[in-house]
Amino acid sequence: MAINALLERPQSPLREEAVVPRTFDYNGRPAKRSTSGGWRAAWFIVGAAAAERTAYFGIQVNLVNYLTGRLGQSTAMAAKNVNTWFGVTAAISTSLCGRLLCGSILHHCCCFSSLCPAGLGLLTISAVYTSQSLSDCQNTEKIESCSPSRSQVLFCFFSLHLVAVAGGGYKTCNQAFGADQFDEEDPEGKAKSSYFNWSSFCICIGLSLSMLTLSYIQDNLNWVLGFGIPCIAMVVALLLFLIGTNTYRYSIERDEKSPIMRISKVFVEAARIWRTTSLPEKAIEEGALGALSHQGSQECKALLEPNCPEEDVKVGSATEFEKAKAILRLFPIWSTCLVYAIVLVQSSTFFAKQGMTMDRSVWSGVDITAASLQVCISLSIVLFVPIYDRIFIPMARKFTKKPSGITMLQRIGIGIFISSISMVIAALVETKPLKTTQDHGLIDMPYATVPMRVWWLVPQYILFGLSDVFAVVGLQEFFYDQVPAELRSAGVSLYLSIFGVGSFLSSFLITAIEKATDGGDGQEVWFNDNLNRAHLNYFYWLLSEFSVVGFAAYLHFTRSYTYNKGLL
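Every value quoted in this text rests on a predicted model; they were computed, and no experiment measured them.

A. Spatial organisation of a nonpolar patch on the surface. Nonpolar side chains collect at one region of the surface, where Val362, Trp363, Val366 and Trp455 lie side by side and expose about 390 Å² of accessible area between them. Here Val366 lies in strand S5 (residues 366-367).

B. The packing of helix H18 (residues 408-439) against helix H19 (residues 458-481), seen in detail. Remark: H18 packs on H19, axes separated minimally by 8 Å, with the N-to-C direction vectors making an angle of 155 degrees. Put simply, H18 runs roughly antiparallel to H19. With respect to the hand of their crossing, H18 and H19 are arranged in left-handed fashion.

C. Local environment of the pattern of salt bridges. A full pass over the atoms with the stated rule returns five salt bridges. Among the ionic pairs, Glu52 bridges to Arg53, the shortest N-O distance being 2.7 Å. In this structure, Glu52 and Arg53 share a single accessibility class: buried. Two residues, Lys80 and Glu514, come together in a salt bridge whose shortest N-O distance is 3.2 Å. Pair noted here: Lys80 is in helix H4 (residues 75-91) and Glu514 is in helix H20 (residues 488-516), with a separation of 434 residues, a long-range link. The exposure class assigned to Lys80 is buried, which follows from its relative accessible area of 12%. Of the residues examined, Glu514 reaches a relative accessible area of 30% and is grouped as partly exposed.

D. Expanded view of the environment of Tyr56. Considering the arrangement of structural elements, one finds Tyr56 in helix H2 (residues 38-60). Taking the C-alpha atoms as reference, Tyr56 lies 9.1 Å from Leu207; in sequence the two are 151 residues apart.

E. Representation of the pairing of strand S6 (residues 450-453) in the model. Covered by surrounding structure in S6 are Val450 and Met452 only, the residues Pro451 and Arg453 on the alternate face being uncovered. Note that strand S3 (residues 358-359) and S6 share two bridges and pair parallel. The residue of S6 that forms the bridge with Asp359 is Arg453.

F. View of the packing of aromatic side chains. All chains considered together, the criterion is met by 25 aromatic pairs. Ring geometry for Phe351 versus Phe464: centroids 5.3 Å apart, planes at 40 degrees, classification tilted. Pair noted here: Phe351 is in helix H16 (residues 350-356) and Phe464 is in helix H19, with a separation of 113 residues, a long-range link. The exposure class of Phe351 is buried, given its relative accessible area of 0%. Both rings, one in Phe539 and one in Tyr540, keep their centres 6.3 Å apart while their planes meet at 45 degrees; by these two values the pair is tilted. Overall, Phe539 belongs to the buried group, its relative accessible area being 0%. The class for Tyr540 is buried, based on a relative accessible area of 0%. One aromatic cluster is present, formed by Phe350, Phe351, Tyr461, Phe464, Phe527, Phe539 and Tyr540 through successive ring pairs. Note that Arg329 overlies the ring of Tyr561, its terminal NZ or CZ placed 4.6 Å from the centroid.

G. Representation of the side chain of Arg53 within the structure. If you trace the backbone, Arg53 turns up in helix H2. A polar contact of 2.7 Å, which involves the side chain of Arg53, links it to the side chain of Glu52.

H. Quick look at the nonpolar core. Grouped together as the largest cluster of nonpolar side chains are 133 residues, with contacts concentrated most on Phe499 and Phe539. In terms of residue count, H19 provides more of this core than any other element does, 13 residues in total.

I. Looking closely at the pairing of strand S1 (residues 19-24). Taken together, the two bridges between S1 and strand S2 (residues 30-32) define a ladder with antiparallel strand orientation. Bridge pairing links Phe24 to Pro30 in S2. Linkage of S1 to S2, two consecutive antiparallel strands, is achieved through a turn of five residues, within which Gly28 is found at a positive phi near 90 degrees.

Rules of the game
- Every chain begins its residue count from 1, and numbering advances along the sequence as written.
- pLDDT decides what is reported in this predicted model: residues at 70 or higher carry local features, side-chain atom pairs at 80 or more are listed and counted, and totals for whole chains, interfaces and linings draw on all residues regardless.
- Hydrogens and waters are ignored; side-chain quantities use all the structure's heavy atoms.
- A patch consists of residues exposed above 30% relative accessible area that lack any salt bridge, with like charges linked at up to 9 Å and nonpolar side chains (Val, Leu, Ile, Met, Phe, Trp, Tyr) linked at up to 5 Å.
- Computed with the Shrake-Rupley method and a 1.4 Å probe, the accessible areas treat only the protein chains shown as cover for residues.
- By salt bridge we mean one thing: a side-chain nitrogen of Lys or Arg within 4 Å of a carboxyl oxygen of Asp or Glu.
- Each helix corresponds to a stretch of at least 4 residues labelled H or I by DSSP, and each strand to a stretch of at least 2 residues labelled E; elements are numbered beginning at the N terminus.
- The axes used here are C-alpha line fits, helices contributing only the stretch in contact, and every angle between their N-to-C directions lies in the interval 0 to 180 degrees.
- Oblique is the label for every angle not falling under 35 degrees (roughly parallel), over 145 degrees (roughly antiparallel), or within 65 to 115 degrees (roughly perpendicular).
- For any pair of crossing helices, the crossing counts as left-handed if the nearer helix is rotated counterclockwise from the farther one by less than a right angle, and right-handed if it is rotated clockwise.
- Note on classification: 1.4 Å probe, protein chains only; a residue is buried when its accessible area is under 20% of the maximum for its type, exposed when over 50%, partly exposed between these limits.
- Two strands qualify as a pair provided that DSSP identifies no fewer than 2 bridges between them.
- Stacked, edge-to-face and tilted are the three classes for Phe, Tyr and Trp ring pairs, Trp counted by its six-membered ring, which pair at centre distances within 6.5 Å; planes under 30 degrees apart are stacked, over 60 edge-to-face, the rest tilted.
- We call a charge positioned over a ring when the NZ of a Lys or the CZ of an Arg lies within 6 Å of the ring centre and within 35 degrees of the ring normal.
- Polar contacts here mean pairs of N or O atoms no more than 3.5 Å apart (in protein, one a potential hydrogen donor and the other a potential acceptor; neighbouring residues in sequence count only if both atoms are side-chain atoms).
- Take the buried Ala, Val, Leu, Ile, Met, Phe, Trp, Tyr and Cys residues and link them wherever side-chain atoms come within 4.5 Å; each set so joined is a nonpolar core.

Below you can see the structure in the form of structure tokens.
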């Protein structure tokens, strides 16, 4: 197969000006700038990503309503399950597993993009069985038969998590592979930052269409069709990615140890020496690896030579040691962004449930779905990305004298600050429907429509979109740019794990609050299934306080952070 030629082709120095160093095309020949990479290749990757995200969010956007409706789960349980599902997608280290299982990045993307239609197909089948059970329920007087069986629930969650694993793996390789199409040693490398911006722009167009159409189909027509369309969209994503195969650039190292393993050896050796000796920290920071190598074996030069004997490698070269330190220095930034991730996942859980109780009429006889309000996030991104890229950045350059206008960490910080404001607004808005239900005597009528327009929720959704433009895109670029070149897929995984761990923390927080406010001893239940008696505003205030603390910690760590350029 042609991809094997990439592995078998001898690597030789590339001196031709038209050839991109250390890269090859699909046929195993040195990649030329005129026929490979750049935007000509990136557009296929962006298009595939847009179709894949359309499929994925076609499920996520309304999943909480599917769980509380068709599967009969409580609001809190459904929110925890959605958070867990999203967490599996983002946090699982699929890029690392994919490298081991699939070998090349092309095989990696194809492996996971092939799994996604399979998972979505199974999910569609589970919706058929659930619909059939509900139909049978209408012909019997036994109320318990209306609830889906345990096997149906397990089959549904198996399908969902298969989609989660496949989607997480595909997204990881897709983002890194797209950025790899731009040569940093050439003027086209300047377009890499714009790639992340326009990638988000195109993806959000797909998301907007998905949220407007699929949520309506799912709520007003049937869930089988609502899950079947995302399956078709994922097939389109796979086809788009494969069509662009001949335009891609590949950077494949032959007979080389995994960079993960090489850098891991540094951590292992550091832990061993920490237990056996007290080497001064200053000596370590100055790269005194020669001293470490004399403690039992000879240091192998650069640890990059494929012919280096296994027994001679005890610890990496100074370069490997510096790369390991560069990765460690990312974790304070990673940890302080977790609160931001906790806040972000609320848009597809409690925000969606809020809208279910409000007046959602557009005009007489036509109601929008509560889930479709999430389109405000995508639309705000679509509208603001061109403003950011074409107006904000050029203006910022005049003041900062930096090509990017503002630094990556500044961009992330602005997004985190905006998200904290959005939670304050969400808490204030949620107070109004609670008061309205009291004034109109609707407290014990959970299915009654609160006489309050759903448009009150729009500001918090728009602010979420603005924070995405700054923080999410900034995090993508930061974790891609600040890791060693051969670990960039791992860097994207590290970025995705922020939202995965944040989703799990959100589930844990909901569980803890649910137990602490279980209604005993006159306590007020925060997550009552009757939202007229719930207190989501308390939860939003708590998240806004967490956001302030997280933002302060983020500022503390970013002040001492130094960008790594020499290792990339």
